Amino acid sequence: MVVQTGKGQVTFVVTPPVNGSKVFVAGCFNQWQPDPLRKQKDGTYRKSVDLPPGQYEYKYLVDDKWIEDPESPGYAHNPFGTRNSTFRVEAAAEVSAAPARRRR
């Protein structure tokens, strides 16, 4: 899953099928060079990156095996006969934010 938190920051979140996995993310935003994700207490692996608005393709590398993001908002076919996960970074003004709380 990819979560956009605003102003171009996105966080990749994945729960690998095997505990103790080596988990990386690679995509067009890092020239397909795998970057490690950090294991969290809840068992997920995460990595945050800052990206300009645009469309991106990526995949996870889990224990030396390329996998699609099962929670990806979209997919694109690649030249290797498989699919890449895709997501779009919206301009900061397009990101929906929580409504401001009123002070009493």
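Before any of the text, the structure's been laid out above.
Parameters at a glance
Residues numbered from 1 in each chain as written. Predicted model: local features only at pLDDT ≥ 70, side-chain atom pairs only at ≥ 80, totals over all residues. Heavy atoms only, no water. Helix = DSSP H or I, 4+ residues; strand = E, 2+ residues; numbered from the N terminus. Buried < 20%, exposed > 50% of the residue type's maximum accessible area, 1.4 Å probe, protein only. Contact = heavy atoms within 4.5 Å. Areas by Shrake-Rupley, 256 points an atom, 1.4 Å probe, with all protein chains shown as cover. Salt bridge = Lys/Arg side-chain N within 4 Å of Asp/Glu carboxyl O. Pairing = 2+ DSSP bridges. Polar contact = N/O pair within 3.5 Å; in protein donor to acceptor, adjacent residues only side chain to side chain.

(A) Local environment of the overall build of the protein chain. Along its length, the protein chain carries zero helices and ten strands. When the helices and strands of the protein chain are placed in sequence order, the string is β-β-β-β-β-β-β-β-β-β. Looking at the protein chain as a whole, 37% of its 104 residues qualify as buried. Counting only contacts in the protein chain whose residues sit at least 6 apart along the sequence, the fraction spanning at least 24 positions is 58%. Accessible surface, the protein chain: about 7,300 Å² in total, of which carbon and sulfur atoms supply 50%.

(B) Looking closely at the pattern of salt bridges. A complete count under the given rule lists three salt bridges for this structure. The salt bridge partner of Arg83 is Glu68, with a shortest N-O separation of 2.9 Å. Residue Arg83 is located in strand 10 (residues 83-89), and its partner Glu68 is located in the loop between strand 8 (65-67) and strand 9 (74-77); the two are separated by 15 residues in the primary sequence. We classify Arg83 as partly exposed; its relative accessible area is 30%. Owing to a relative accessible area of 26%, Glu68 belongs among the partly exposed residues under this scheme. Among the salt bridges present, the one from Arg88 reaches Glu90, with a minimum N-O distance of 3.9 Å. Overall, Arg88 belongs to the partly exposed group, its relative accessible area being 47%.

(C) Structural view of the pairing of strand 3 (residues 23-27). Buried residues dominate strand 3, accounting for four of its five residues. Pairing between strand 3 and strand 4 (residues 35-36): two bridges, direction antiparallel. Bridge assignment links Val25 to a residue of strand 4, and that residue is Asp35.

(D) Layout of the sheet that holds strand 2 (residues 9-14). Spatially, 1-2-6-5 is the arrangement adopted by the four strands of the open sheet, whose pairing is antiparallel. At either end of the open sheet lies a strand with only one pairing partner, and these are strand 1 (2-6) and strand 5 (38-39). Across four bridges, the pairing between strand 1 and strand 2 is antiparallel. Residue pairing across strands places Gln4 opposite Val10, the latter belonging to strand 2.

(E) Highlighting the side chain of Ser72. Following the sequence through the fold, Ser72 ends up in the loop between strand 8 and strand 9. Take Ser72: its relative accessible area is 11%, and that puts it in the buried class. From its side chain, Ser72 meets the backbone oxygen of Gly74 in a polar contact 2.5 Å long. Polar side-chain contacts of Ser72 include one of 3.1 Å to the backbone oxygen of Thr86.

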